[in-house]
Amino acid sequence: MTYDLVIKGGSIASSSGVTRGDLAIRGETIAALGADLSGRETIDATGKLVLPGAIDVHTHFQLPFCGTVSADDFENGSKAAAMGGVTTFIDFAIQAKPASITEAIEARRGEADGKVCVDYGLHAALTEWNADRQAEIGGIIKSGIPTFKMFMIYKSQGWQSTDADLYCALREVAKHGGMVGVHAESDDLINLFQAEAEREGLTGAYTHAITRPAVTESEAVARAINIADAAGGRLYIVHMSTGQSLDHLEEGILRGVDVHAETGPHYLLLDDELFKREQGHHFATCPPIRKPADQERLWEGLSSGSVEVLATDTCTFTSEQKAMWGGDYRKIPMGMPGIEVLLPLSYSKGVGEGRLELGHMLELLCENPARLFGMWPRKGTLSVGSDADVVIFDPDLQVTISHRDLATNCDYNPFEGTRVTGWPTTTLVRGRVVVRDRQFVGSPGYGRFVKREPVAPVDGR
Ligand SMILES: [Zn+2]
């Protein structure tokens, strides 16, 4: 038997362990795992890890936001994904009232299809709740978008959901086996603290942290969990950033609420002292990076399994765009690049520094995202029959992170100067090499929209 492509002699890793051997690909799928497999083409992976491609479930490419548009478009952003070993990402189609969610999805597909270099999916972000939106839910899930997002903040953008909206959406989405994600921050509390800062004449970048203390997130996390407990349905907390939120999450899980959560490398590795730097505004994102104590609690949340996903919330703004702030923290375009360093940081700071087992890292980056977001076992695993989304990872390669070496359009990096050990060198998407020896060799439009399956049991009540 001769396969199309065989990756030879690598350490093939999954959540259950590492096996030395060959991985064979036929067409777009993994055809065999074993020893001495032969292919028309071979890639030597001796001394390397062979990993499932990472899945970043939280990105915002070319997003109009804060008076500008995020600087990595679908082409460049997905190229950065490939360079970082991310083979599937999930972005957002945000409903632009009065247009429907379906129209938002079509518009977003129009922006992404033809440009994406890796596979992608979309979440549907609801910016209102009424009979028309309710009527769309079942069809959207059937069309391959089983995950929704609602914003508990951003009232001024017209995106905010009320508690009642969230309750009704959870109940309706549950009937069709979907999941509702929430951006959990309290608009009311943030407005209060911003008004207090204004009275005190505070405008610098650190004011971003002062006006969004932990309670502005944890209060909203607790509220969302309580609403989900009453409404039924599956809840997902995006970009969870504080220890107090983790306390609420763990309490919710204990009492049987169907709640899941993600955090990201920036919350695990950066702290809010960075806002005091001259370029502190570069680090502003929502929710803000936190205190060292929050980092420790979030690592504990990963260890205990209560935080199930690592994702980046990539939303790139260049230093020129960030300069729009003009010294007023309220005008900073909120977001940072991240997708390209997700896997190297998780490996080096997690596995390399003894905080995560390799198998657990693969659960956080590959298996859990695939399961929770309706792509398992097509994505997220190196199993026979799965899509051949494969990363060859050099665990010994030492890299000092610099924006100059990255594919993102960003001219700085929040992890600039961070030394990591381990970097992806070759990336395959559905059997095709898109990065070879750290050189991008893919093409725009090769990536495909992934139609995802329902993610939760259908709630018939
Ligand atoms: Zn986001």
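(A) Looking closely at the overall build of the protein. When helices and strands are tallied, the protein shows 13 helices and 19 strands. Over its C-alpha atoms the protein spans a radius of gyration of 21 Å, differing by no more than 12% from the 23 Å that the globule rule assigns to 461 residues. Here the C-alpha coordinates of the protein stretch approximately 70 × 55 × 40 Å along the principal axes. Counting across all 461 residues of the protein, residues that qualify as buried make up 62%. Partitioning the intrachain contacts of the protein with sequence separation of at least 6 by distance along the chain shows that 75% fall at a separation of at least 24. When the accessible surface of the protein is split by element, carbon and sulfur atoms take 49% of a total near 16,400 Å². Positive and negative side-chain charges of the protein, numbering 44 and 62 respectively, have mean locations separated by a distance of 3 Å.

(B) Fine view of the coordination of the zinc ion. Only H58 (NE2), H60 (NE2) and D313 (OD) from the protein reach the zinc ion as donors, at distances of 2.1 to 2.2 Å. One chain supplies every donor to the zinc ion, and in sequence these donors are spaced H-x1-H-x252-D. In terms of burial, H58 and H60 fall into one category: buried.

(C) Looking closely at the nonpolar core. Core analysis: the biggest nonpolar cluster contains 115 residues, and L51, L166, L235 and M361 have the highest contact counts within it. It is helix α7 (residues 214–231) that contributes the most residues to this core, 7 residues altogether. Inspection of this core shows a minimum of three residues originating in each of domain 1 (2–51 + 380–440) and domain 2 (53–372). With near-sequence residues (within four places) excluded, L51 lies in contact with A13, L343, L358, M361, L362, L382, D389, V390, V391 and F393.

(D) Looking closely at helix α4 (residues 163–175). An ideal rise of 1.5 Å per residue puts 18 Å on 13 residues; α4 measures up with 19 Å between its terminal C-alpha atoms. Here the buried face of α4 lies against β10 (119–126), α3 (131–142), β11 (147–151), β12 (179–183), α7 and β13 (234–237). Downstream of α4 by one or two residues, G177 has phi in the positive range, about 80°.

(E) Spotlight on the pairing of strand β5 (residues 49–52). When strand β1 (residues 2–14) meets β5, the two strands line up parallel, connected through 2 bridges. Among the inter-strand pairings, I12 is bridged to a residue of β5, identified as V50. Taken together, the 4 bridges between β5 and strand β16 (residues 390–400) define a ladder with antiparallel strand orientation. Note that in β16 the partner of P52 across the bridge is V390.

(F) Molecular detail of the pattern of salt bridges. Counted under the stated rule, the structure contains 32 salt bridges. Notably, a salt bridge pairs E185 with R212, separated by 3.0 Å at the nearest N-O pair. Linking E185 in the loop between β12 and α5 (187–199) with R212 in the loop between α6 (206–210) and α7, this pair joins segments that are 27 residues apart in sequence. Given a relative accessible area of 0%, E185 falls into the buried group. Look at R212 and you get buried, because its relative accessible area is 7%. For E250, the salt bridge identified is with R297, shortest N-O distance 3.4 Å. Pair noted here: E250 is in helix α8 (residues 243–254) and R297 is in helix α10 (residues 292–304), with a separation of 47 residues, a long-range link. E250 sits in the partly exposed class, given a relative accessible area of 24%.

(G) View of the state of the cysteines. Summed over all chains, the structure comprises 0 disulfides. Here C117 stays unpaired: no disulfide links it, and the sulfur of C410, its closest cysteine neighbor, is 18 Å away. You can call C117 buried: its relative accessible area is 1%. Considering cysteine sulfurs only, C66 is the nearest to C315, which forms no disulfide, with 7.5 Å between them.

(H) Fine view of the environment of M336. Within the element layout of this structure, M336 appears in the loop between α11 (319–322) and α12 (342–352). Residue M336 is classed as buried on the basis of its relative accessible area of 4%. Separated by 70 residues in the primary sequence, M336 and H266 place their C-alpha atoms 9.3 Å from one another. For M336, the residues in contact, after removing those within four places along its chain, are H266, H282, F283, T285, D313, T314, C315, T316 and P414.

(I) Structural context of the domain arrangement of the protein. Domain assignment breaks the protein into domain 1 (2–51 + 380–440) and domain 2 (53–372). Taking the mean C-alpha position of each, domain 1 and domain 2 sit 27 Å from one another. Carbon and sulfur atoms make up 67% of the area that domain 1 and domain 2 hide from each other, which totals about 3,400 Å². Linking domain 1 with domain 2 are 14 residue pairs in polar contact (both at pLDDT 80 or more), by the criterion used here. For the side of domain 1 that touches domain 2, the secondary structure elements donating two or more residues are β1, β5, β16, β17 (419–429), β18 (432–436) and β19 (439–440). With 9 residues, β17 is the largest single contributor of residues to the side of domain 1 that touches domain 2.

(J) Expanded view of the packing of α3 against α4. Remark: α3 packs on α4, axes separated minimally by 9 Å, with the N-to-C direction vectors making an angle of 40°. For the element pair α3 / α4, the angle class is oblique. At the point where α3 passes α4, the crossing takes the right-handed sense. Listed contacts from α4 to Q134, I137 and I141 of α3 are E172, V173 and K175.

(K) Highlighting the packing of α8 against α10. Between α8 and α10, whose axes approach to 8 Å, the crossing angle comes to 30°. When the axis of α8 is compared with that of α10, the two are roughly parallel. Contacts between α8 and α10 involve G243, Q244, L246, D247 and E250 on the former and, on the latter, D294, R297, L298, G301 and S304. Its residues assigned to classes, the contact of α8 with α10 comprises 2 nonpolar, 4 polar and 4 charged.

Analysis parameters
Residues numbered from 1 in each chain as written. Predicted model: local features only at pLDDT ≥ 70, side-chain atom pairs only at ≥ 80, totals over all residues. Heavy atoms only, no water. Helix = DSSP H or I, 4+ residues; strand = E, 2+ residues; numbered from the N terminus. Rg over C-alpha atoms; globule rule 2.2 N^0.38 Å. Buried < 20%, exposed > 50% of the residue type's maximum accessible area, 1.4 Å probe, protein only. Contact = heavy atoms within 4.5 Å. Areas by Shrake-Rupley, 256 points an atom, 1.4 Å probe, with all protein chains shown as cover. Lys, Arg positive; Asp, Glu negative; His and termini not counted. Charge placed at Lys NZ, Arg CZ, Asp CG, Glu CD. Donors = N, O, S within 2.8 Å, 3.2 Å for Na, K, Ca; no water. Core = buried A, V, L, I, M, F, W, Y, C linked by side-chain atoms within 4.5 Å. Domains from an automatic or database assignment. Expected span 1.5 Å × (residues − 1). Pairing = 2+ DSSP bridges. Salt bridge = Lys/Arg side-chain N within 4 Å of Asp/Glu carboxyl O. Disulfide = S-S within 2.5 Å. Buried area = accessible area lost by both parts, 1.4 Å probe. Polar contact = N/O pair within 3.5 Å; in protein donor to acceptor, adjacent residues only side chain to side chain. Axes fitted to C-alpha atoms, helices over the stretch in contact; angles between N-to-C directions. Parallel < 35°, antiparallel > 145°, perpendicular 65-115°, else oblique. Left-handed = near helix turned anticlockwise from the far one by under 90°. Nonpolar A, V, L, I, M, F, W, Y, C, P; charged D, E, K, R; others polar.

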